[in-house]
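Topology and contacts: notes
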Amino acid sequence: MVDGATGEHLGEWEKGEAYMILSRDTYANNKHLVDELIDTSLYRGGAPVRPKPGYFADGGVGGTGAVPSVAGASASGQELIRAVERVEDAVRALPSRQYIGWDQTDTAAIELELNYRAQDREHAAIR
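Now for a look at the structure at hand. (Residues numbered from 1 in each chain as written. Predicted model: local features only at pLDDT ≥ 70, side-chain atom pairs only at ≥ 80, totals over all residues. Heavy atoms only, no water.)

The final tally for this structure, using the stated rule, is 4 salt bridges. Among the ionic pairs, Asp 39 bridges to Arg 44, the shortest N-O distance being 3.0 Å. With relative accessibility at 39%, the residue Arg 44 sits in the partly exposed group. One salt bridge connects Asp 89 with Arg 92, and the closest N-O pair in it is separated by 3.7 Å. Taken together, the residues span about one helical turn, with Asp 89 and Arg 92 both in helix α2 (residues 75-93) at a distance of 3 residues. A relative accessible area of 61% places Arg 92 in the exposed class. (Salt bridge = Lys/Arg side-chain N within 4 Å of Asp/Glu carboxyl O. Buried < 20%, exposed > 50% of the residue type's maximum accessible area, 1.4 Å probe, protein only. Helix = DSSP H or I, 4+ residues; strand = E, 2+ residues; numbered from the N terminus.)

Turning to the packing of aromatic side chains, a few remarks are in order. Under the counting rule described, the total for this entry stands at 1 aromatic pair. Here the aromatic rings of Trp 13 and Tyr 19 are separated by 4.3 Å at their centres, their planes lie at 55 degrees, and the arrangement is tilted. Judged on exposure class, the residue Trp 13 and its partner Tyr 19 are both exposed. (Phe/Tyr/Trp six-rings, centres within 6.5 Å; stacked < 30°, edge-to-face > 60°.)

Attention now moves to helix α3 (residues 104-123). Here α3 spans 28 Å end to end across 20 residues, near enough to the 28 Å set by a 1.5 Å rise per residue. Positive phi appears at Ala 125, one or two residues downstream of α3, with a value of about 60 degrees. (Expected span 1.5 Å × (residues − 1).)

On to a nonpolar patch on the surface. Taken together, the side chains of Ile 38, Leu 42 and Tyr 43 define a hydrophobic patch exposed on the protein surface, amounting to about 370 Å² of accessible area. Mapped onto the secondary structure, Tyr 43 falls in helix α1 (residues 24-43). Here Tyr 43 falls in the exposed class, since its relative accessible area comes to 64%. (Patch = residues over 30% accessible without salt bridge, like charges linked within 9 Å, V, L, I, M, F, W, Y side chains within 5 Å. Areas by Shrake-Rupley, 256 points an atom, 1.4 Å probe, with all protein chains shown as cover.)

The quantities given are spatial measurements derived from coordinates; they are silent on function.
What follows is the structure, encoded as structure tokens:
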């Protein structure tokens, strides 16, 4: 690869090697991944690039309170972040004090219904 303006030799492409030029937006949105791929190609003998621990698909958990930036997320990730933001906005818009009324009558009615269901199962010999 040669810089057409300066004639500087920038690199070479060998048979079996992938080559591409990424747009600025692609690089901006995937900088961490592109940088890791370049690093592994130059310095780690092409070792696999693995997702960072903590992603939900890897069994990671949330709780830091930090929301990833939309600029650094994939298209599906951006949609998810926007959906979460809409839910947060909707929750914040709810009246600040809401109560669920529950009393002994409600508890007794549920216990009675559960007893009826247990009796029906026993009567029909359902196990």
